[in-house]
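Residues per chain, in single letters:
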Amino acid sequence: MSSSENDSKFKYFGILLLTIQQASMPLMARYSRAREDSNVFFTTVNVFMMEIIKVVVCSAIMIYTTKSVMKYINELKLAIFEHRSETLKVCIPALIYTLQNNLYYIALSHLEATTFCISYQMKIFTTAIFMYFFLGKKLSTKQWWALVLLVLGVADIQYVYSPPPASEDVEQNPMYGFMAVLTMCFTSAFAGVYLEKVLKSSNASIWVQNIRLALIGLPISFLSMWYYDWEKINEQGAFRGWDFVVVCLTVTNSVGGILISVVIKYADNILKAYAQSMAIIGAAVGSWILFDFAPGFMFLLGTFMVIVSIIIYTAFPYQEPESKLSAYLKSQQNSSLLMIKPEK
């Protein structure tokens, strides 16, 4: 099988998995959080386990690709200890990602899954603004209009949204959940721009970078677990409230970042945008089935605006205008070709 056929399989398989992952995660998180306090899992323990799973998965992939445990150890040692400066640079995004993982569960404790999926697309807007001001990235006119459409769509959904009735006696505050999502959008944008700015010259693989982030996130998440939930953990156990859904949620959330890296490598941004759009629709259908969520016309209008904005933003990137000199040379070349007569 040729490498192009392999890449094509990776591309579509990765897109399919990304769509399923982004649609199912909010539903699983919402389902597992909508319980009485005594049955809800500790988010700090969940985040800590996610970092462990990330290290295990990336390590397994590295050992499989290098075909040697010693090569894996030497590569990791070289990347972490001998390139200390690069390791220190990922401390800030590692801290941010640990914070984000905790905010994720806070948001889904107060927001319906579809609303979360749509609101979280605001990270496109915040990332674009950060990249525009800090990395000098230029946006096309259509991309600017897409960002305006995105903000209007999210604002419309937030304005008309009211939490669906739940059978459990769970207190919800939609504004609190939306503020958690907004914080996630800004921190995600900052972390992404920061990593691109300081680490784009690094030769380390995506697996090594993920292990670096996880190894720094482990002590941070452990301190968070110790500070917030240690007494309850001693009384009720670290895995209080864990069931099959929580296990699936933890594994899916942990490998989500790795999956996005694979999709970026093998697929283009337009396919990724369609995956995000399909994930929003999938989350809406799942919410309708599981939580009796019935969106109104304005909610559907806002959803449509967000999906359209995602597609426009990725389909019409900025292109450098053709200089007058290159346009002149191109026209001269075309004129010369027209003047050449074919030999009889």
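Here, the structure is the one placed above.
Residues numbered from 1 in each chain as written. Predicted model: local features only at pLDDT ≥ 70, side-chain atom pairs only at ≥ 80, totals over all residues. Heavy atoms only, no water.

S.K.: Go over the overall build of the protein, please, and point to the residues and values.
M.R.: Check the secondary structure of the protein and you find 14 helices and 0 strands. The helix and strand sequence of the protein, counted from the amino end, reads α-α-α-α-α-α-α-α-α-α-α-α-α-α. Within the protein, the fraction of its 344 residues that count as buried is 44%. Put simply, of all contacts in the protein between residues at least 6 apart along the chain, 88% involve residues at least 24 apart. Accessible surface computed for the protein: about 19400 Å², of which carbon and sulfur atoms make up 66%. (Helix = DSSP H or I, 4+ residues; strand = E, 2+ residues; numbered from the N terminus. Buried < 20%, exposed > 50% of the residue type's maximum accessible area, 1.4 Å probe, protein only. Contact = heavy atoms within 4.5 Å. Areas by Shrake-Rupley, 256 points an atom, 1.4 Å probe, with all protein chains shown as cover.)

S.K.: Requested: an account of helix α3 (residues 69-82), with residues and values cited.
M.R.: The end-to-end C-alpha distance of α3, which contains 14 residues, comes to 19 Å, matching closely the 20 Å that a straight helix rising 1.5 Å per residue would cover. For α3, the full list of buried residues reads Y72, L76, A79 and I80. Within α3, the buried residues cover an arc of 85° as seen down the axis, which keeps them to one side. Away from its buried face by more than 90 degrees, α3 exposes M70, K71, F81 and E82. Residues of α3 that are buried make contact with α2 (43-66), α4 (84-89) and α10 (206-236). (Expected span 1.5 Å × (residues − 1). Arc of directions from axis to C-beta.)

S.K.: I'd like a rundown of the environment of A60, residues and numbers included.
M.R.: Along the chain, A60 falls in helix α2. Between the alpha carbons of A60 and Y72 there is a distance of 9.3 Å; along the sequence they are 12 residues apart.

S.K.: Mind laying out the packing of α2 against α3, listing which residues take part and the relevant values?
M.R.: In a pair of packed helices, the angle between the axes and the distance between the axes together describe the arrangement. Between α2 and α3, whose axes approach to 8 Å, the crossing angle comes to 120°. Classed by the angle they form, the pair α2 and α3 counts as oblique. The element α2 and its partner α3 pack so that their crossing is right-handed. Contacts between α2 and α3 involve S59, M62, I63 and T66 on the former and, on the latter, V69, K71, Y72 and E75. (Axes fitted to C-alpha atoms, helices over the stretch in contact; angles between N-to-C directions. Parallel < 35°, antiparallel > 145°, perpendicular 65-115°, else oblique. Left-handed = near helix turned anticlockwise from the far one by under 90°.)

S.K.: Go over the nonpolar core, please, and point to the residues and values.
M.R.: Residues Y104 and F116 are the most contacted members of the largest nonpolar core, which totals 39 residues. Once residues lying within four places of it in the same chain are set aside, the contact partners of Y104 are M25, P26, A29, F116, M184 and N253. Among the nonpolar cores identified, the runner-up in size contains 9 residues, and Y72, L76, I80 and W207 belong to it. (Core = buried A, V, L, I, M, F, W, Y, C linked by side-chain atoms within 4.5 Å.)

S.K.: Mind laying out the packing of aromatic side chains, listing which residues take part and the relevant values?
M.R.: Under the criterion given, the structure shown has 12 aromatic pairs. A ring pair is formed by F130 and F190, whose centres lie 6.5 Å apart and whose planes are at 70°; its orientation type is edge-to-face. Note that F130 is positioned in helix α7 (residues 122-134) and F190 in helix α9 (residues 174-199), a separation of 60 residues in sequence. A network of ring pairs unites the aromatic residues F41, Y104, Y105, F116 and Y120 as a single cluster. A cation over an aromatic ring shows up here: K67 above the ring of Y64, its NZ or CZ 4.2 Å from the ring centre. Between K142 and the ring centre of F316, over which it is positioned, the NZ or CZ distance is 4.1 Å. (Phe/Tyr/Trp six-rings, centres within 6.5 Å; stacked < 30°, edge-to-face > 60°. Lys NZ or Arg CZ within 6 Å of the ring centre and 35° of its normal.)

Limitation: the analysis is restricted to geometry and does not speak to function.
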